[in-house]
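Letter by letter, the chains look like this.
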Amino acid sequence: MCGITGYWNPAGVDPAEARYTLTAMTAVIRHRGPDDCGSWIDAEAGVALGFRRLSIIDVSSAGHQPMASSSGRFVIVFNGEIYNFQQLRTELAALGCGFRGHSDTEVLLAGIETWGVRRALERFNGMFAFALWDRHHRVLHLARDRAGEKPLYYGWQGKTLLFGSELKALRAHPAFCGHINREAVALYLRHGYVPGPYSIYLGVRKLLPGCLLTVDTAHFNSDAQPVPYWSARAAVQRGIAEPFTGDDGEAVDELDRLLRDAVKLRMEADVPLGAFLSGGVDSACIVGLMQAQQADPVRTFTIGFHEKGHDEARDAAEIARHLGTQHTELYLTPADALGVIPRLPILYDEPFADTSQIPTFLVSQMARRHVTVSLSGDGGDELFGGYRRHQLGPALWRGIHRLPHWLRRSARSLLAPHDGASTRLSAVANRLARAVTGKRSLTERFRQAAEILPLQTPQALYHYMMSLWKHPSDLLPGTREPSVVVTDPTYWPQLDAPADVMMYLDLVGYLPDDILVKLDRASMGVSLEARVPLLDHRVIEFAWSLPLALKQRRGSSKWILRRVLDKYVPPQLVNRPKRGFHMPIAEWLREPLRDWGEALLDERRLRDEALFEPAPIVMKWKQHQAGETRWDYELWTVLMFQAWRDSIALSDQLVSH
């Protein structure tokens, strides 16, 4: 696992200046690779490649990057792992390829020389992002893995194409402008993250998962378009067209076989290895499969909370005892959160508001004291219907869809809040609703119902359910939201079941842009490699060949994954309500984090910055503090933006001095 960066200016570069610039660009991503660094410059062609290394496989100097292919034609900087590199190495050796060392990077290059870039990508099983320079044809290739586990940003700034694992590397280049993209801010307010292909900066994009971008001198501009070498849409359509035909038992056995192999491949390392373990199905399944294939106890790591509604550490400890792992746990306090919050904007580089970013960082930090690689259970919810919305959403859609349009319009008018809604009766109703749910007020529930009723498709319902700020234009008047993967029908396969629709949109949106961003930045922020067996592309493709009844059955989510887990862990240890990896932010914003929040959301400050309309923010802050309702998700989104903005301003001040 590493950090990559670089740039290309076809007019050529001065070697001394390029070395200085690469040093700055790689220095800011040292956390991604503290073990080694390297650079490669072709001054005449104007190409500069930079690298930071976290040594995992072949820790010798034979794995040093940037690395040239055996013929010298290709030079690469590569972040990630090719898990099937041993198999490919054997195949390539039989074709006459020789190898100097034992790294997967060398196998990757040999595969590209033998099969070509596109065909090699189709054969790689891994998580990766790389920049590959073809010296013969003066062509730059940028590629990203199928699921989007590893990040890759790129963009033209003036006459220079910049690229790298993190935005901070691009910011270190003198050509970087850093103008905030207001449309991306609108997307961020809705989602809590900036969806690809956008970034928070104008002119900088994220390479979408499963895509290859090829740039040459004849098309050296932002018109160069990425092309997919693998797409989730195609995989889903193929799974529907060619469904699994075995019975339930055969399906469970096949998933078990695939997962065992996916886990085994991801246990390949020349450094200590462990796993994150919550009390849930996904991580327990991964750890069970690991322990079944390893004689020594697996190192496992868990984060706990003193607030009972958020704590899964006790469940994880029971699973660890059953499997016989070497288990470590850490209970978090508000003080722990306060200590991490100042680091979040620097870790994530652009505004990011998933509150579980804090425990994810802390469990990574704890694991790094003992191991260099940790396996994670991410991906199971998206593939096997594990989120509450995968059951609630279809139920809501069935209710909406049955109502005639005239009745939906009438109900919407009746439910929508009117002037004078804050009567004594509504105040009593709100208090009763909070006593029952502890969440939104009854007035807010009526408002949401009024907005849900007119929705025309399951995709629109999903978009509404996943929106934090339901109307970002309230905060950013006059700013439009551009289309993204979850709102653009050209990315959607034909799906009949609303649950399938929601799982698919999670797979192409929420998973790469939230879950995997969180995992990558949190783990790499402490120089820990996180691997995700459930996102082996063979598992993804198999999951979509299965009927929905193997994922959701008799009110149970992830039915087939639970049956695999039954082979390793007794059902009573995991058949508990899902709590997730979240923090009690709603309560903390009213107590230990209140002063921090007050400073960032000060009305005068918001007016002076002239980006957000202050009124909706200030109103929600006051209502939240008064306990009238809860607005923690919306407020955390703005707080993380404000904290990010402060960190960028501080960074610019440090650079200027």
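All values reported here derive from a predicted model rather than from experimental measurement. (Residues numbered from 1 in each chain as written. Predicted model: local features only at pLDDT ≥ 70, side-chain atom pairs only at ≥ 80, totals over all residues. Heavy atoms only, no water.)

K.L.:
Go over the side chain of S527, please, and point to the residues and values.
P.N.:
Relative to the elements of secondary structure, S527 occurs in the loop between α20 (498-524) and β17 (529-531). Overall, the relative accessible area of 10% leaves S527 in the buried class. With sequence-adjacent residues up to four places away left out, S527 is seen in contact with H31, P34, L54, R368 and T372. (Helix = DSSP H or I, 4+ residues; strand = E, 2+ residues; numbered from the N terminus. Buried < 20%, exposed > 50% of the residue type's maximum accessible area, 1.4 Å probe, protein only. Contact = heavy atoms within 4.5 Å.)

K.L.:
Report on the packing of aromatic side chains, specifying residues and quantitative values.
P.N.:
For the structure shown, the criterion picks out 16 aromatic pairs. Measuring from ring centre to ring centre gives 4.9 Å for W8 and W133, while their planes differ by 70 degrees; the resulting arrangement is edge-to-face. Here W8 is found in strand β1 (residues 2-8), whereas its partner W133 is found in strand β6 (residues 126-134), with 125 residues between them in sequence. Since its relative accessible area comes to 1%, W8 is described here as buried. A relative accessible area of 0% means that W133 is categorised as buried. (Phe/Tyr/Trp six-rings, centres within 6.5 Å; stacked < 30°, edge-to-face > 60°.)

K.L.:
I'd love a proper account of the sheet that holds strand β12 (residues 227-228), names of residues and values included.
P.N.:
Read from one edge of the open sheet, six strands run β4-β5-β6-β7-β11-β12, paired in antiparallel fashion. Both edges of this open sheet fall to β4 (67-68) and β12, since each of them pairs with a single strand only. Summarising the sheet, strand β5 (residues 74-82) and β6 pair through nine bridges and their orientation is antiparallel. In the strand pairing of β6, F78 is matched with F130. (Pairing = 2+ DSSP bridges.)

K.L.:
Give a description of the confidence of the model for the chain that names residues and reports values.
P.N.:
Across the chain, pLDDT averages 91, with 92% of residues at or above 70. Between residues 428-438, whose pLDDT stays under 50, and residues either more than four places distant or in other chains, the model counts 15 contacts. (pLDDT = per-residue confidence, 0-100.)

K.L.:
Now, about helix α6 (residues 182-191): what can you tell me, with residues and values included?
P.N.:
The α-helix advances 3.6 residues per turn, and as a result positions three or four apart in sequence lie on the same side. With respect to burial, α6 is a largely interior element, eight of its ten residues being buried. Considered for burial, the residues of α6 that qualify are A184, V185, A186, L187, Y188, L189, R190 and H191. Of the residues flanking the start of α6, the one acting as N-cap is N181, its side-chain oxygen 3.0 Å from the backbone nitrogen of E183. Looking one or two residues beyond α6, the residue adopting positive phi is G192, at roughly 85 degrees. (Polar contact = N/O pair within 3.5 Å; in protein donor to acceptor, adjacent residues only side chain to side chain.)

K.L.:
Would you mind going over the pattern of salt bridges in detail, with residue names and values included?
P.N.:
Taken as a whole, this structure holds 35 salt bridges when the rule is applied. K558 is paired through a salt bridge with D381; the nearest N and O atoms lie 2.8 Å apart. Highlighted residues: K558 in the loop between α21 (537-543) and α22 (559-565) and D381 in helix α14 (residues 380-384), separated in sequence by 177 residues. In this pair, the class of K558 matches that of D381, namely buried. Through salt bridges with shared partners, a single network forms among R32, K150, E166, K168, D349, D520 and R521. (Salt bridge = Lys/Arg side-chain N within 4 Å of Asp/Glu carboxyl O.)

K.L.:
Break down the environment of D35 for me, with residues and values.
P.N.:
Of note, D35 is situated in the loop between α1 (15-27) and β2 (36-42). Taking the relative accessible area as the measure of exposure, D35 reaches 44% and is therefore partly exposed. Between the C-alpha atom of D35 and that of S527, which follows or precedes it by 492 residues, the distance is 9.5 Å. With near-sequence residues (within four places) excluded, D35 lies in contact with R53, L54 and S55. For D35, the side chain forms a polar contact with the main-chain nitrogen of S55, separated by 2.8 Å.

K.L.:
Break down helix α7 (residues 232-241) for me, with residues and values.
P.N.:
Among all positions of α7, only A232, A235, V236 and G239 are buried. One side of α7 carries all its buried residues, which in axial view fall inside an arc of 100 degrees. Close packing links the buried residues of α7 with α20 and α21. (Arc of directions from axis to C-beta.)

K.L.:
I'd like to hear about the environment of A353, residue by residue, with values.
P.N.:
Position of A353 relative to the elements: it lies in the loop between α12 (344-348) and α13 (357-368). Measuring from C-alpha to C-alpha, the distance between A353 and T90 comes to 44 Å, with 263 residues separating the pair along the chain. Apart from the residues within four sequence positions on either side, A353 is in contact with Y188, G192, W636, T637 and M640.

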